[in-house]
Amino acid sequence: MSESKLTLDIVAPFLNEAASVPGFARLLSELDAEVLRRFGLKTRKILVDDGSTDDSAALFGKALTGDWEIVRLSRNFGKEVAVLAGLDRTRGDMVLIMDADLQHSLDVSLKLIAELVENPDIDVVYARTNREGASWKRSQLAKLFYSLINSSQRFDIPENAGDFRVMRAPVAKAFTLLRDKRRFNKGLYAWAGFRHKALIYTPADRAGGTSKWSRGNLLAFSLEGIASFSVVPLRILTLSGLAAALAGGIYGLKIFFEVFFYGIAVPGFPSLLIAVVVLGGFNLALLGLIGEYVWVALSESKDRPVYIVRDVVSNARDGKEP
Ligand code: UDP
Ligand code: MG
């Protein structure tokens, strides 16, 4: 009987989270017990050390209980890649992805798992944050981003949905087949498809340390998301370039008629200045945007692995693995 138990893999990436180690290890062992009691699921934890420079990996090694392994990457690859590294090592019937900074609670995790267990028709249950706390400006920016990225696409990338989700084995497998190097997980989950269900929640505050997302990071990440999932900005710019050229042409004709047929002396430099600045601006913006796409194409075309594993430590054995 116990041999036929379904299993749940828990994937959690971490970067310098020493402050959260005791709390997160406790959360995981409670999750172990609860999940076994309520759903008869046996858990295995796969923590990914995304190039931590503090001693969080060693601390986790001491604090974790039950079945666990820590995959140590050779350097910091970013959370998106760390999640893939964890998923690559899953073999359970279900997979839960969560952060190690205690912003993803035991309570919400259990709710996600319950939804998936109780709905055989659903393949993925993801947690969706309500942005009550976010500023108006920020939520408008997010709206703009999602409408841009979702226009003329066969799949929808949901707003405020992150990596905090639980999925069945085929979904996890599908996700690992997508080997994008510059990863935008939200887009990849949506691209992979399957039947999704959202669960609204409010993330807890961080237990310690700081978020690794600065404003600049977020902007760069959004640009990357757009460049790897949407061709719409390119089209908009091409069309506005055409419109600007057309407007310039019409204005030119108007001046031509004024000078030659009505003898009006047109002051030259304001119109010149406008044309130069407007068109120059368009050119620069378009060039930068094309650059974004070229950069994504270039990164993907290099035949490099998405990440490198330094070693894997586990409760069963400590040591190196290829
Ligand atoms: N993280 C990671 N690699 C990174 C940045 C973050 O593995 O390069 C981990 C981090 O330790 C945490 C999770 O990813 O467990 C979420 O990171 P963070 O809290 O900075 O993001 P936020 O919650 O602000 O979205
Ligand atoms: Mg966090």
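Described in the following lines is the structure provided in the data block. (Residues numbered from 1 in each chain as written. Chains lettered and ligands numbered in written order. Predicted model: local features only at pLDDT ≥ 70, side-chain atom pairs only at ≥ 80, totals over all residues. Heavy atoms only, no water.)

### Topic: the coordination of the magnesium ion (ligand 2)
At step 1: Bound to the magnesium ion (ligand 2) on the protein side are Asp101 (OD) and Gln103 (OE1), at distances that span 1.9 Å.
At step 2: Of the residues examined, Gln103 reaches a relative accessible area of 22% and is grouped as partly exposed. (Donors = N, O, S within 2.8 Å, 3.2 Å for Na, K, Ca; no water. Buried < 20%, exposed > 50% of the residue type's maximum accessible area, 1.4 Å probe, protein only.)

### Focus on empty space enclosed by the protein
At step 1: One pass over the full model with this rule turns up 2 cavities of 30 Å³ or more.
At step 2: In this structure, the largest cavity occupies an estimated 40 Å³ of space.
At step 3: Together, Pro158, Ala161, Arg165, Lys186, Tyr189, Ala190 and His196 line the largest cavity.
At step 4: Looking at the lining of the largest cavity, the elements that each hand over two or more residues are β6 (161-168) and α7 (185-192). (1 Å grid on protein atoms, 1.4 Å probe; cavity = no way out; pocket = protein on both sides within 12 Å on 5 of 7 lines; lining within 4 Å. Points joined across faces, edges and corners; volume = space filled by probe spheres on them. Helix = DSSP H or I, 4+ residues; strand = E, 2+ residues; numbered from the N terminus.)

### As for a nonpolar patch on the surface
At step 1: Judged by side-chain polarity, Leu253, Phe256, Phe257, Val259, Phe260, Phe261, Tyr262 and Ile264 come together as a nonpolar surface patch covering roughly 900 Å² of accessible area.
At step 2: Considering the arrangement of structural elements, one finds Phe256 in helix α9 (residues 232-261). (Patch = residues over 30% accessible without salt bridge, like charges linked within 9 Å, V, L, I, M, F, W, Y side chains within 5 Å. Areas by Shrake-Rupley, 256 points an atom, 1.4 Å probe, with all protein chains shown as cover. Salt bridge = Lys/Arg side-chain N within 4 Å of Asp/Glu carboxyl O.)

### Topic: the nonpolar core
At step 1: Core analysis: the biggest nonpolar cluster contains 40 residues, and Leu73, Leu87, Ile97, Ile149, Met167 and Tyr307 have the highest contact counts within it.
At step 2: It is helix α3 (residues 79-88) that provides the largest number of residues to this core, a total of 6 residues.
At step 3: Those residues in contact with Ile149 that lie beyond four places of it in its chain are Ile157, Phe184, Gly225, Ile226, Phe229 and Ser230.
At step 4: If you look at the next biggest cluster of nonpolar residues, it comprises 38 residues, including Ile10, Val21, Leu47 and Tyr201. (Core = buried A, V, L, I, M, F, W, Y, C linked by side-chain atoms within 4.5 Å. Contact = heavy atoms within 4.5 Å.)

### Thoughts on the packing of aromatic side chains
At step 1: All told, the structure shown has 7 aromatic pairs when counted by the stated rule.
At step 2: Taken together, a centroid distance of 4.8 Å and an interplanar angle of 55° make the contact between Phe14 and Phe60 tilted. Highlighted residues: Phe14 in strand β1 (residues 7-14) and Phe60 in helix α2 (residues 56-63), separated in sequence by 46 residues.
At step 3: Residue Phe60 is classed as buried on the basis of its relative accessible area, which comes to 0%. (Phe/Tyr/Trp six-rings, centres within 6.5 Å; stacked < 30°, edge-to-face > 60°.)

### A few points about the layout of surface pockets
At step 1: Estimates place the volume of the second largest pocket at around 230 Å³.
At step 2: Every residue along the wall of the second largest pocket is listed here: Ala244, Ala247, Gly248, Tyr251, Gly252, Ile255, Ser271, Ile274, Ala275, Val278 and Leu279.
At step 3: Looking at the lining of the second largest pocket, the elements with two or more residues in it are α9 and α10 (269-301).
At step 4: The class makeup of the residues in the lining of the second largest pocket is 8 nonpolar, 3 polar and no charged. (Nonpolar A, V, L, I, M, F, W, Y, C, P; charged D, E, K, R; others polar.)

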